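Structural features, examined
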Number of protein chains: 4
Amino acid sequence: MREPKPQEDLQAIIDDIYRELTPRLGEGKVADYIPQLARVDARHFGMAIVTTGGEVYRVGDAEMPFSIQSISKVFTLTLALGKHGENIWNRVGREPSGSAFNSIVQLEHEGGKPRNPFINAGAIRISDLILAGHTPKELIGEIVRFVRYLADDENIVIDHEVARSETATGYRNIALANFMRSFGRLDHPVEHVLGVYFHHCALAMTCSQLAKAGLFLAAGGTNPLTGHSVVSRQRARRINALMLTCGHYDGSGDFAYRVGLPGKSGVGGGIMAVAPGKASIAVWSPGLNDYGNSLLGSLALEMLAARTGWSVFGP
Amino acid sequence: MREPKPQEDLQAIIDDIYRELTPRLGEGKVADYIPQLARVDARHFGMAIVTTGGEVYRVGDAEMPFSIQSISKVFTLTLALGKHGENIWNRVGREPSGSAFNSIVQLEHEGGKPRNPFINAGAIRISDLILAGHTPKELIGEIVRFVRYLADDENIVIDHEVARSETATGYRNIALANFMRSFGRLDHPVEHVLGVYFHHCALAMTCSQLAKAGLFLAAGGTNPLTGHSVVSRQRARRINALMLTCGHYDGSGDFAYRVGLPGKSGVGGGIMAVAPGKASIAVWSPGLNDYGNSLLGSLALEMLAARTGWSVFGP
Amino acid sequence: MREPKPQEDLQAIIDDIYRELTPRLGEGKVADYIPQLARVDARHFGMAIVTTGGEVYRVGDAEMPFSIQSISKVFTLTLALGKHGENIWNRVGREPSGSAFNSIVQLEHEGGKPRNPFINAGAIRISDLILAGHTPKELIGEIVRFVRYLADDENIVIDHEVARSETATGYRNIALANFMRSFGRLDHPVEHVLGVYFHHCALAMTCSQLAKAGLFLAAGGTNPLTGHSVVSRQRARRINALMLTCGHYDGSGDFAYRVGLPGKSGVGGGIMAVAPGKASIAVWSPGLNDYGNSLLGSLALEMLAARTGWSVFGP
Amino acid sequence: MREPKPQEDLQAIIDDIYRELTPRLGEGKVADYIPQLARVDARHFGMAIVTTGGEVYRVGDAEMPFSIQSISKVFTLTLALGKHGENIWNRVGREPSGSAFNSIVQLEHEGGKPRNPFINAGAIRISDLILAGHTPKELIGEIVRFVRYLADDENIVIDHEVARSETATGYRNIALANFMRSFGRLDHPVEHVLGVYFHHCALAMTCSQLAKAGLFLAAGGTNPLTGHSVVSRQRARRINALMLTCGHYDGSGDFAYRVGLPGKSGVGGGIMAVAPGKASIAVWSPGLNDYGNSLLGSLALEMLAARTGWSVFGP
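On a predicted model such as this, the values are computed, not experimentally measured, just so you know.

1. Some remarks on the interface of chain A and chain B
- Contacts between the two partners involve 42 residues from chain A, matched on the other side by 42 residues from chain B.
- Looking only at chain A, the three residues that lose the most surface to chain B are R237(A), Y257(A) and F313(A), adding up to 27% of its buried area.
- Where chain A touches chain B, the interface holds four salt bridges.
- Ionic pairing is found between D254(B) and R94(A), a salt bridge with its closest N-O pair at 2.6 Å.
- Across the chain A-chain B interface, the total number found is 20 residue pairs in polar contact (both at pLDDT 80 or more).
- Those elements that place two or more of their residues in the side of chain A that touches chain B are α12 (233–246) and α13 (252–258) of chain A.
- Counting residues per element, the side of chain A that touches chain B draws most heavily on α12(A), which supplies eight residues.

Following this line, the structure appears as structure tokens:
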């Protein structure tokens with residue numbers, strides 16, 4: 001593999017990417033199922049890279065907070081693995097879903113057991129699992145503290161407007177949760193579980209914060225910036241494996257093919273990606289492609305991977 | 001990543017794996033849909049590793065030929081990409097299938113376009129694509145020559161008994177091909193396409209041959225043993241990406257999680273796996289797990305990955 | 001067709017049926033998804049026939065009220081047709097569902113439009129349609145008054161315990177309603193719609209009341225006992241057609257084949273059936289068959305049809 | 001029910017219908033999946049009624065033969081019930097399919113057991129059942145003789161051009177048959193079964209012949225014109241029930257709602273319908289509606305039912 005050269009090179013690369021994409025800013029379709037997301041300006045674009053060596057590179061709106069939405073599922077999965085270990089796989093599968101991200105069909109076909117922790121049903125089930133012994137409020141607090149710890153940044157907060165809006169209009173997620181409940185697949189009241197789910201999806205973070213928060217996955221489970229050991233080396237690999245196979249809904253295969261890095265997207269237009277041993281990357285561009293993943297964000301990562309030679313499928 | 005030590009170490013590791021698995025030989029269910037596969041002794045076990053540096057390690061029945069079946073789809077995909085380039089993705093998707101490997105449901109749902117080139121429907125479509133300008137017989141000859149070239153071994157042949165048997169009783173594949181034809185998705189007569197498909201699936205290879213044939217995928221597209229440049233670096237990565245997301249039918253997510261290496265399984269009990277930059281691995285054990293992948297073969301690869309530290313999701 | 005003879009004959013026939021079925025009372029599985037239904041004694045059995053000439057025949061527990069559940073969907077459909085006419089078919093289909101009665105799969109496949117007004121999703125949509133211009137409470141009152149008018153009996157009431165219980169635990173129906181809402185297929189708040197739905201399903205009626213309430217369908221749209229013209233002759237036929245093709249969930253074809261009369265079943269074990277031009281019949285036996293329809297109730301109707309010669313598929 | 005008046009009335013009614021529909025002749029989409037069907041002039045229209053009293057009424061192209069296609073499934077079902085009785089229901093279901101008529105999805109979901117004898121898969125299975133003890137050629141001869149016997153007309157023949165064409169290009173039916181075979185659901189070789197199926201679908205009949213052939217179903221199992229007792233009264237009813245619930249693919253509910261008579265359509269544009277106790281009706285107009293049933297044929301039957309008052313859901 002052609003190794004990326006030191007600092008100046010990575011900065012030059014993302015500057016180039018930003019320049020090349022600038023004429024296309026605004027492409028894609030901004031998520032509009034809740035007003036708070038719909039009114040985000042489609043022309044935002046930010047990108048941040050944090051290397052395992054501790055260097056940070058930024059371009060565009062890398063310091064502007066956005067709604068991380070489904071990217072938060074990586075953090076709740078990490079918490080769930082910490083609390084319950086491999087037992088969670090009795091409750092949630094780990095296979096790609098092969099259909100639209102909020103599809104209820106597969107769920108019925110499989111008796112209410114979600115295919116993986118990154119589709120909505122699976123993440124709702126994960127919220128349910130980590131609720132054990134907590135009130136929703138306590139758990140939401142714990143999730144926020146965990147993400148702050150990962151990113152080493154006390155300024156990360158939940159956007160309560162977004163959370164409220166999802167609570168009021170997230171009909172499909174309400175349907176999914178009640179559907180799982182009807183199969184006896186939730187341990188806690190539907191409103192508690194959804195309360196947690198809607199709040200962790202409403203976390204607002206910048207690209208820089210997000211890249212830092214994901215760095216432990218690029219570095220064998222330990223955040224090299226803080227020295228915090230988050231998960232074991234094996235678990236970091238496994239979370240990366242799940243992101244690669246399931247992280248982009250029904251576009252996961254396409255992302256793996258074109259970008260070649262584990263990543264998790266959110267409907268707010270963010271993507272967190274991991275180049276194992278090299279860096280953690282966050283990109284944000286609100287316009288979505290047909291799969292519901294950031295259109296220019298995916299493209300920026302494809303360009304980055306091509307120019308740095310970063311790919312888990314190398315050399 | 002903990003690097004595997006030189007030669008003696010890898011040999012010791014696979015010797016250990018073989019020893020540990022010996023009491024379990026015969027576990028799993030041998031494919032019985034055609035007699036030629038059903039009468040294989042379930043207790044066979046072979047494994048071969050060829051490193052990018054050229055060392056070869058073997059254990060058990062590594063020199064005994066077996067029916068590679070769906071592993072051959074990697075080779076026909078490689079041919080198709082060579083002949084038609086990225087245009088093939090207009091005809092075949094590249095997303096995990098999310099359901100049983102020979103499922104016809106998704107195919108109907110998506111108007112006869114197969115989800116990916118590694119499910120049966122997709123591989124049949126690939127056979128159809130590479131038939132352009134050839135008779136079936138010519139193409140079968142070309143495929144055999146290509147695999148011999150990859151493995152640098154003129155002794156590789158098709159088991160015509162197996163091919164005949166599939167032709168006579170491969171009802172589901174006949175159904176899939178006619179189904180795609182009914183959507184106008186095949187360019188050539190059904191019997192021609194299936195003739196090619198059944199024959200390339202009937203290739204008989206040893207673990208050693210298979211590991212050598214896959215080495216170009218571990219080494220950036222060029223076989224370091226022969227110096228043959230097979231595909232570009234980027235294409236090798238992309239084929240690896242497809243193997244990782246789609247290579248084990250509905251158990252692809254599980255394999256990625258547990259083993260962490262791109263691989264392709266066949267119903268004959270073989271698996272070809274790739275540790276990019278390190279080695280190509282082939283394992284054979286006829287008993288299958290519930291997903292239709294080799295039970296002990298998957299386990300052997302999981303053990304190998306754990307002990308060598310090989311994982312694309314490292315470090 | 002062998003015409004049933006006058007009064008004594010029909011009474012003798014249902015006495016015979018009751019006698020023959022007595023050893024089997026308790027067979028089938030009582031619905032247990034809400035406690036109020038689960039604690040009903042499985043050995044109840046009642047049957048009532050009201051002829052278009054005004055004779056009434058009863059046997060067993062024909063005067064004991066039970067939860068009519070989905071049978072109420074016939075009455076709300078009749079109301080909806082009265083209020084909105086054939087326009088309702090833009091919102092609800094009229095094809096058999098071909099899958100389990102509360103399946104959410106077909107609903108997603110068809111963009112949130114229910115297949116017919118007798119599956120749960122369709123009846124929820126009907127509740128939504130007739131809510132226009134009403135509060136839920138008003139509408140529930142109107143439905144009760146309508147059923148009392150049909151049966152000419154002021155004693156018919158809603159079992160509020162059952163309604164409360166469904167409200168608290170009817171997760172699948174809550175899922176269905178939210179799912180339709182997510183497709184923009186409900187005009188009113190989910191809780192209002194479900195409030196109506198759960199209450200009309202909780203109507204408690206006796207076999208005698210139910211047979212009287214359905215008599216207008218046997219008599220060309222007019223109740224011959226009261227002289228009330230409920231619907232046109234054509235509409236009565238059409239409601240009968242819907243009951244025949246869709247009235248027994250995924251067992252509708254079986255019921256048509258064996259019984260040959262339009263009918264609507266409820267999970268409480270009741271069935272209301274119609275012999276056009278002859279009689280309206282209600283039967284109640286709480287044990288359900290695999291399709292979720294009354295096991296002995298279906299059998300009793302099959303015996304009645306065989307002995308009277310009543311069948312729409314005659315002569 | 002308003003009884004239709006004697007002969008002159010029925011003739012006047014169908015004359016009226018023909019006159020009213022004349023401006024619309026050519027509407028709908030002629031089946032084009034085989035050339036022999038595609039080249040039929042879309043403006044043909046014929047209708048014939050044979051009453052249980054023996055009167056015959058005709059209008060338009062009532063004496064022009066057309067390809068009856070799926071209408072033939074009623075005759076093979078009748079043969080199968082004669083040979084195997086109610087045991088056939090262990091092999092074929094009798095529920096409406098709830099999806100497109102040649103859908104393979106439900107078939108896989110239900111392990112290769114067709115939903116009912118009128119979808120293609122079910123009729124193929126019926127052909128397989130009645131093949132027991134016969135060569136395909138013998139059975140095809142028997143089917144032709146049976147239809148001639150029903151219609152009391154020795155001139156009925158198979159259009160071998162159509163049969164050949166289906167054999168050459170009926171990919172979807174070939175897929176269905178192989179698919180069932182892969183589940184072990186066919187007792188005879190696929191080509192034999194399809195040979196029978198394609199030939200009985202290629203029967204060419206006139207409206208007059210078809211109406212006569214169906215008369216036994218309107219008359220309690222016995223053809224009143226010939227005195228031939230074809231099936232028992234109960235069996236005639238049951239076949240009518242199957243036609244009503246399953247006779248028009250995914251438009252069966254719609255046909256029952258609008259027309260109210262048992263009927264079976266064919267992709268050649270024919271419909272055979274039954275008014276129990278009154279008459280047998282055949283109509284032919286090649287243009288199809290979205291469900292694959294004759295557009296103007298369905299409409300003509302709806303008009304006939306409205307004007308005669310014929311409906312099984314009467315009075």
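The discussion continues.
2. What to know about the relation of the copies chain A and chain B
- Rotating chain A by 180° about the axis while translating it 0.0 Å along that axis superimposes it on chain B, leaving an RMSD of 0.0 Å. Both chain copies can therefore be described as sitting about a two-fold axis.
- Mapped onto chain B, 100% of the interface residues of chain A are again interface residues, and the two copies thus contact each other with one and the same surface.

3. Quick look at the sheet that holds strand β5 (residues 203–205) of chain A
All names here are of chain A.
- Ordered by their spatial adjacency, three strands build an open sheet running β3-β5-β4, and the pairing between neighbours is antiparallel. The open sheet has two edge strands with one neighbour each: β3 (66–67) and β4 (157–158).
- Sheet analysis places β3 next to β5, joined by two bridges and oriented antiparallel. Of the residues in β5, the one forming a bridge with F66 is M205.

4. Focus on the packing of aromatic side chains
- In total, this model carries 20 aromatic pairs over all chains according to the counting rule given.
- Taking 4.9 Å as the distance between ring centres and 5° as the angle between the ring planes, the aromatic pair formed by F66(B) and W284(B) counts as stacked. A residue pair is termed long-range when its members are at least 10 positions apart, and F66(B) in strand β3 (residues 66–67) and W284(B) in strand β8 (residues 279–284) qualify at 218 residues.
- Taking 5.6 Å as the distance between ring centres and 15° as the angle between the ring planes, the aromatic pair formed by Y18(C) and F45(C) counts as stacked. Of this pair, Y18(C) sits in helix α1 (residues 7–21) while F45(C) sits in the loop between α2 (35–38) and β1 (46–51), and the two are 27 residues apart along the sequence.
- The ring centre of F183(C) lies 4.7 Å from the NZ or CZ of R172(A), which sits over that ring.
- Its guanidinium or amino end placed over the ring of Y249(D), K264(D) lies 4.4 Å from that ring's centre, counting from NZ or CZ.

5. Considerations on helix α14 (residues 295–308) of chain B
All names here are of chain B.
- Along its 14 residues, α14 runs 20 Å from first to last C-alpha, staying within 8% of the 20 Å computed at 1.5 Å per residue.
- Summarising burial for α14: eleven of the 14 residues are buried, a large majority.
- Those residues of α14 lying buried are L296, G297, S298, L299, A300, L301, E302, M303, L304, A305 and T308.
- The distance from a side-chain oxygen at the start of α14 to the backbone nitrogen of G297 is 3.0 Å, and the residue carrying that oxygen is S294.
- The first or second residue beyond α14 is G309, which carries a positive phi of 80°.

6. Let's talk about the environment of Y57(B)
- For Y57(B), the location among the structural elements is in strand β2 (residues 56–60).
- C-alpha of Y57(B) to C-alpha of I281(B): the two residues are 224 residues apart in sequence and 9.4 Å apart in space.

7. So, the packing of helix α8 (residues 171–182) of chain B against helix α8 (residues 171–182) of chain D
- Where α8(B) meets α8(D), the axes come as close as 7 Å, and the angle between the chain directions of the two elements is 160°. Judged by the inter-axis angle, α8(B) sits roughly antiparallel to α8(D). The two elements α8(B) and α8(D) cross, and the hand of that crossing is left-handed. Contacts between α8(B) and α8(D) involve Y171(B), R172(B), I174(B), A175(B), N178(B), F179(B), R181(B) and S182(B) on the former and, on the latter, Y171(D), R172(D), I174(D), A175(D), N178(D), F179(D), R181(D) and S182(D).

8. Remarks on the sheet that holds strand β2 (residues 56–60) of chain A
Residue and element names in this part refer to chain A.
- A sheet is described by the order of its strands in space; here five strands give the open sequence β2-β1-β8-β7-β6, paired in antiparallel fashion. Of all the strands in the sheet, the pair left with one neighbour each is β2 and β6 (263–265). Geometrically, the sheet is characterised by an average inter-axis angle of 10° between neighbouring strands, direction not taken into account.
- By the bridge criterion, six bridges tie strand β7 (residues 270–275) to strand β8 (residues 279–284) in an arrangement that is antiparallel. Bridge assignment links A273 to a residue of β8, and that residue is I281.
- Here helix α14 (residues 295–308) sits on the sheet and contacts β1 (46–51), β7 and β8; the angle it forms with β8, its principal contact strand, is near 145°.

9. Brief notes about helix α5 (residues 120–130) of chain C
Residues and elements named next belong to chain C.
- Among the eleven residues that make up α5, eleven are buried, leaving the element largely enclosed by the rest of the structure.
- Turning to α5, its buried residues number three or more, namely N120, A121, G122, A123, I124, R125, I126, S127, D128, L129 and I130.
- Summarising the contacts, the buried residues of α5 are in contact with α3 (72–84), α4 (105–109), α6 (136–151), α8 (171–182) and α9 (190–201).

10. Observations regarding the domain arrangement of chain A
Residues and elements named next belong to chain A.
- Here chain A is partitioned into domain 1 (7–68 + 205–308) and domain 2 (70–203).
- A C-alpha centroid distance of 21 Å is found between domain 1 and domain 2.
- Between domain 1 and domain 2, the buried area comes to about 3,100 Å², and carbon and sulfur atoms account for 68% of it.
- Contact with domain 2 buries area across many residues of domain 1, yet I68, L242 and Y249 alone supply 20% of it, more than any other trio.
- Here R238 and E86 are joined by a salt bridge, their closest N and O atoms 3.4 Å apart.

11. Section: the state of the cysteines
- Across all of its chains, the model carries zero disulfides over all chains by this definition.
- No disulfide involves C201(A); its sulfur sits 17 Å from that of C246(A), the nearest cysteine.
- Just so you know, C207(B) is unpaired, no disulfide at all, and the nearest cysteine sulfur is the one on C201(B), 18 Å from it.
- When its relative accessible area of 0% is taken as the criterion, C207(B) is described as buried.

12. What about the UniProt feature "binding site: substrate" in chain A?
Residues and elements named next belong to chain A.
- Feature annotation in UniProt places "binding site: substrate" on S70, N120, E166, N173, Y197, Y249 and V267, given in this structure's numbering.
- For E166, the location among the structural elements is in helix α7 (residues 160–169).
- The class of E166 is buried, set by a relative accessible area of 2%.
- Apart from the residues lying within four places of it in its own chain, the contact partners of E166 are Y33, I34, Q69, F198 and C201.
- Structurally, the position occupied by V267 is in the loop between β6 and β7.
- When neighbours within four sequence positions are excluded, V267 is seen to be in contact with A31, Y33, L37, Q69, L288 and G292.

13. Topic: the pattern of salt bridges
Residues and elements named next belong to chain B.
- This structure, assessed with the given rule, holds 72 salt bridges over all chains.
- The shortest N-O distance in the salt bridge between D41 and R43 comes to 2.9 Å.
- With a relative accessible area of 31%, D41 lands in the partly exposed category.
- Look at R43 and you get exposed, because its relative accessible area is 54%.
- Across the pair D254 and R258 runs a salt bridge, and its minimum N-O distance is 2.9 Å. Taken together, the positions of D254 and R258, both in helix α13 (residues 252–258) and four residues apart, correspond to about one turn of that helix.

Here is what the cut-offs are and how they apply
- Residues numbered from 1 in each chain as written.
- Chains lettered and ligands numbered in written order.
- Predicted model: local features only at pLDDT ≥ 70, side-chain atom pairs only at ≥ 80, totals over all residues.
- Heavy atoms only, no water.
- Contact = heavy atoms within 4.5 Å.
- Buried area = accessible area lost by both parts, 1.4 Å probe.
- Salt bridge = Lys/Arg side-chain N within 4 Å of Asp/Glu carboxyl O.
- Polar contact = N/O pair within 3.5 Å; in protein donor to acceptor, adjacent residues only side chain to side chain.
- Helix = DSSP H or I, 4+ residues; strand = E, 2+ residues; numbered from the N terminus.
- Least-squares fit on C-alpha atoms with pLDDT ≥ 70 in both.
- Pairing = 2+ DSSP bridges.
- Phe/Tyr/Trp six-rings, centres within 6.5 Å; stacked < 30°, edge-to-face > 60°.
- Lys NZ or Arg CZ within 6 Å of the ring centre and 35° of its normal.
- Expected span 1.5 Å × (residues − 1).
- Buried < 20%, exposed > 50% of the residue type's maximum accessible area, 1.4 Å probe, protein only.
- Axes fitted to C-alpha atoms, helices over the stretch in contact; angles between N-to-C directions.
- Parallel < 35°, antiparallel > 145°, perpendicular 65-115°, else oblique.
- Left-handed = near helix turned anticlockwise from the far one by under 90°.
- Domains from an automatic or database assignment.
- Disulfide = S-S within 2.5 Å.
- UniProt positions renumbered as here; feature names shortened; annotations may be inferred.

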